[in-house]
Amino acid sequence: VRAGDDLPGFNFRLSAMKGVPVSGRVVNLVSAGSNRSFDVRLVPLKSRIRRTGDRGAFTDDQGAFELTGVMPGSYLLVASYYQEEGKQYTSQMRLDVGIAPVEGITLTIRAGLDVTGSVKLEGNAEIKPGSLHVSLQSDDMAWFYGAGAEVKSDFSFVIKNVNDGTYRVAVGGLPENCYLKAVRLGTEDVLESGLNVAASRGQKLQVVISGAAGQVE
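Heads up: these notes are all about the structure in this document. Keep in mind that what you see is a predicted model, and the values were worked out from it rather than measured. (Residues numbered from 1 in each chain as written. Predicted model: local features only at pLDDT ≥ 70, side-chain atom pairs only at ≥ 80, totals over all residues. Heavy atoms only, no water.)

1. Things to note about the overall build of the protein chain
In step 1: Scanning the protein chain from N- to C-terminus turns up zero helices and 16 strands.
In step 2: Scored against the burial criterion, the 217 residues of the protein chain give a buried share of 39%.
In step 3: Restricting to contacts in the protein chain with at least 6 residues of sequence separation, those with at least 24 account for 66%.
In step 4: Working note: accessible area of the protein chain is about 13,000 Å², and carbon and sulfur atoms make up 48% of it. (Helix = DSSP H or I, 4+ residues; strand = E, 2+ residues; numbered from the N terminus. Buried < 20%, exposed > 50% of the residue type's maximum accessible area, 1.4 Å probe, protein only. Contact = heavy atoms within 4.5 Å. Areas by Shrake-Rupley, 256 points an atom, 1.4 Å probe, with all protein chains shown as cover.)

2. So, a nonpolar patch on the surface
In step 1: A contiguous nonpolar patch, built from Leu7, Phe10 and Phe12 and spanning about 420 Å² of accessible area, is present on the exposed surface.
In step 2: Along the chain, Leu7 turns up in the segment before β1 (20–28). (Patch = residues over 30% accessible without salt bridge, like charges linked within 9 Å, V, L, I, M, F, W, Y side chains within 5 Å. Salt bridge = Lys/Arg side-chain N within 4 Å of Asp/Glu carboxyl O.)

3. Let's talk about the nonpolar core
In step 1: Core analysis: the biggest nonpolar cluster contains 28 residues, and Ile159 and Leu205 have the highest contact counts within it.
In step 2: Beyond its immediate stretch of four places on either side in the chain, Ile159 contacts Leu113, Asp114, Val115, Val134, Leu136, Ala147, Gly148 and Ala149.
In step 3: In this structure, Val22, Val40, Ala57 and Leu107 belong to the second largest nonpolar core, which totals 21 residues. (Core = buried A, V, L, I, M, F, W, Y, C linked by side-chain atoms within 4.5 Å.)

4. Describing unusual backbone geometry
In step 1: In this structure, Phe155 is a non-glycine residue whose phi angle is positive, near 70°.
In step 2: Mapping Phe155 onto the fold places it in the loop between β10 (146–150) and β11 (156–162).
In step 3: Its identity is not glycine, yet Asn161 carries a phi of approximately 55°, on the positive side.
In step 4: The topology assignment puts Asn161 in strand β11.
In step 5: Overall, the relative accessible area of 18% leaves Asn161 in the buried class.

5. Considering the sheet that holds strand β2 (residues 39–44)
In step 1: Taking strand neighbours across the sheet as the criterion, the four strands line up as β3-β2-β5-β6 in an open arrangement whose pairing is antiparallel. Bordering the open sheet on either side are β3 (55–58) and β6 (88–97), each of which pairs with just one other strand. The average angle at which neighbouring strand axes cross in this sheet is 20°, direction not considered.
In step 2: The pairing of β2 with β3 spans four bridges and is antiparallel. Residue pairing across strands places Arg41 opposite Gly56, the latter belonging to β3. (Pairing = 2+ DSSP bridges. Axes fitted to C-alpha atoms, helices over the stretch in contact; angles between N-to-C directions.)

6. Describing the environment of Glu103
In step 1: Inspection of the secondary structure puts Glu103 in strand β7 (residues 102–109).
In step 2: Glu103 sits in the exposed class, given a relative accessible area of 64%.
In step 3: Taking C-alpha positions, Glu103 is 8.9 Å from Glu66, a pair spaced 37 residues apart along the chain.

7. Structural notes on the sheet that holds β7
In step 1: Read from one edge to the other, the open sheet built from three strands follows the order β4-β1-β7, with strand pairing classed as mixed. Taken across any chain shown, the strands that pair with only one partner, and hence form the sheet edges, are β4 (64–70) and β7. For this sheet, the mean angle separating the axes of adjacent strands, direction not counted, is 25°.

8. A short note on the pattern of salt bridges
In step 1: In total, this model carries four salt bridges according to the counting rule given.
In step 2: A salt bridge links Asp39 to Arg41, with the nearest nitrogen and oxygen atoms 3.5 Å apart. Taken individually, Asp39 and Arg41 each receive the classification buried, so the pair is uniform in this respect.
In step 3: As a salt-bridge pair, Glu122 and Lys181 come within 2.8 Å of each other at their nearest N and O atoms. Residue Glu122 is found in strand β8 (residues 113–122), and its partner Lys181 is found in strand β13 (residues 179–185); the two are separated by 59 residues along the sequence.

9. Observations concerning the packing of aromatic side chains
In step 1: Taken as a whole, this structure holds two aromatic pairs when the rule is applied.
In step 2: An angle of 50° between the planes, with centres 5.6 Å apart, marks the rings of Phe38 and Tyr81 as tilted. With Phe38 in the loop between β1 and β2 and Tyr81 in strand β5 (residues 73–82), the pair connects residues that are 43 residues apart, well separated along the chain.
In step 3: Taking relative accessible area as the criterion, Phe38 reaches 3% and is therefore assigned buried.
In step 4: Three or more aromatic residues link up through ring pairs in this structure, and these residues are Phe38, Tyr81 and Tyr89. (Phe/Tyr/Trp six-rings, centres within 6.5 Å; stacked < 30°, edge-to-face > 60°.)

Treat this as a map of the structure, not an account of what it does.
What follows is the structure in structure tokens.
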């Protein structure tokens, strides 16, 4: 198709659709008894930018929330809680919305898990540990937040207060001749599948950096 061409024979029919309410409650296990409100957001899964087509509301004193006028589609429902010392806690779930109201949802805010691990160098990789940063990024919440930590002098790291979910592991500060070869949790390589935080409880992550990166001439 060239610019300015006419393409006859295409007809589009638009019909009005009425959104439905999505309601539920948020349970706070971080600070039981707190009546602080939570920020609840419903974000289209196809959106990679925060506040692109999302809907939000705050909970009442009992933790109840209602989002109105939600159109059919696939979403990520996220509840967020911030403490005064700057810690952030979230709970999330995927949600498919149809033509009927969605009721009775429960999102539970729990304390995050500290993810510990170490960096292993292979090949001719020569890296100063202080230049490396290991980060976790959620596929569903790439627009929302990330967690990470600097690599210590003994090549260990601790990423604190990581919420439940599956995350991609990335390493910043790598020289041009190095690449992230593997991310091992026990005997399993989770580089491609992602790190499931709940499954990692009690285990240490091993991040393998190779110095045998290919070059394009």
